[in-house]
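Here is how the chains run, residue by residue.
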Amino acid sequence: MGLLDNPSDPVEGLGSGWTAIHALGLIMARAIPTKPLTAGLDTMKVALGYFQYENKKSPEGGFPGSQQEDTGWAGSLSYTHGFGPHFGLCLISGFGDATGELTMAPSGSTAMYTGESTHEARGIAASLIVDPFKDPEGFRLPLLLGLSYSKVSGQRGPIIHTIEDPDMVRTGHLGSVMETYTWDKPGYFVGFAPQMNLGPFRGVLFAFRLQAFGEADVYYEERDLTTGELASKKVKPELFGAGGIGMELVYRPWNLSFSHIFATQSWSDLAEGEEISFTAISWFKAW
């Protein structure tokens, strides 16, 4: 185990897989309006959805591969006020919680082991809405730019395993690895959502990005459970944010909608096998 015997060694942690930030991005995506802006129009919208996170990395070279799967629920409540057909303001709050498993070969090990993962996210945001179009029945293109404040935390592990030590000092000892992350910081949110009426429905396509200001606090630890020794070190995190694309179909007579979002932390994570999907039902009241 590297850190226990060599505390100064650099560590990469357990890689990407901070599910809570994805949940938060999916929450903020619910700020996208589906009711055309008009002067004095107020809209209250509630959404609840189920999301799935999966990150599979295939074996390559000396890397044995890894797999993380998390599932959970996310919900939000938003309020939108229209100052006119071209400008509006949206306030939103939401939550997301997930649990799952991470399977990997810990540092220095050739065998695969599994541990639990838990994640939670809470956030609020205020977003300005600008729409260059004004036809209430035709094509609209709301653009969003806002600030957010989020509290995100999670833990992956402990992953209990049998230590493999080339120096034979710890061979056969029971060990564990674990990673924790927290983010209690502001950020920004951007998005756009082309949409139009389709008979009794309203079709919406949208794209969004939620990005943190600053870095998350990520700590990686190794423990020799046989001797009780512990070593931990802060890990420099990757880009901490989430973005994605989605669609929403609104049944206008009931103000009820169904949406599906595909999200990712970065294009490189997507190429490496990361997949996040979110399916939600929303209802809004306008007055």
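What you are looking at is a predicted structure, and each value in this text was computed from that prediction instead of being measured.

Conventions adopted
- Residues numbered from 1 in each chain as written.
- Predicted model: local features only at pLDDT ≥ 70, side-chain atom pairs only at ≥ 80, totals over all residues.
- Heavy atoms only, no water.
- Phe/Tyr/Trp six-rings, centres within 6.5 Å; stacked < 30°, edge-to-face > 60°.
- Helix = DSSP H or I, 4+ residues; strand = E, 2+ residues; numbered from the N terminus.
- Buried < 20%, exposed > 50% of the residue type's maximum accessible area, 1.4 Å probe, protein only.
- Polar contact = N/O pair within 3.5 Å; in protein donor to acceptor, adjacent residues only side chain to side chain.
- pLDDT = per-residue confidence, 0-100.
- Salt bridge = Lys/Arg side-chain N within 4 Å of Asp/Glu carboxyl O.

A. View of the packing of aromatic side chains. A full pass over the atoms with the stated rule returns seven aromatic pairs. Centroid distance F51 to F278: 6.5 Å. Interplanar angle 50 degrees. Geometry classified as tilted. Placement of the pair is F51 in strand 1 (residues 42-57) and F278 in strand 13 (residues 274-286), with a sequence separation of 227 residues. In this pair, the class of F51 matches that of F278, namely buried. With 5.8 Å between their ring centres and 40 degrees between their planes, Y188 and F213 make a pair best called tilted. With a gap of 25 residues between them, Y188 in strand 6 (residues 174-192) and F213 in the loop between strand 8 (201-212) and strand 9 (217-224) connect regions that are remote in the sequence. Residue class for Y188 comes out partly exposed when judged on its relative accessible area of 30%.

B. Layout of the side chain of H119. Tracing the backbone shows H119 in strand 4 (residues 113-130). A distance of 3.3 Å separates the side chain of H119 from the side chain of D70, its partner in a polar contact. Only 2.6 Å separates the side chain of H119 from the side chain of Y181, close enough to count as a polar contact.

C. Molecular detail of the confidence of the model for the protein. Per-residue confidence for the protein averages 82 on the pLDDT scale, and 81% of its residues sit at or above 70. Model confidence for the protein, summarised as mean pLDDT per element, is weakest for helix 3 (residues 267-271) at 52 and strongest for strand 7 (residues 195-198) at 93.

D. Expanded view of unusual backbone geometry. At the junction of G157 and P158, the peptide bond is cis and its omega measures out at 5 degrees in the coordinates. Relative to the elements of secondary structure, P158 occurs in strand 5 (residues 143-162). Positive phi outside glycine occurs at N255, with the angle close to 55 degrees. On the secondary structure map, N255 appears in the loop between strand 11 (241-251) and strand 12 (256-264).

E. Inspection of the pattern of salt bridges at higher detail. As enumerated under the stated definition, the model contains seven salt bridges in all. As a salt-bridge pair, R122 and D97 come within 3.4 Å of each other at their nearest N and O atoms. Note that R122 is positioned in strand 4 and D97 in strand 3 (residues 87-104), a separation of 25 residues in sequence. For D97, a relative accessible area of 29% gives the class partly exposed. Two residues, R140 and D131, come together in a salt bridge whose shortest N-O distance is 2.9 Å.

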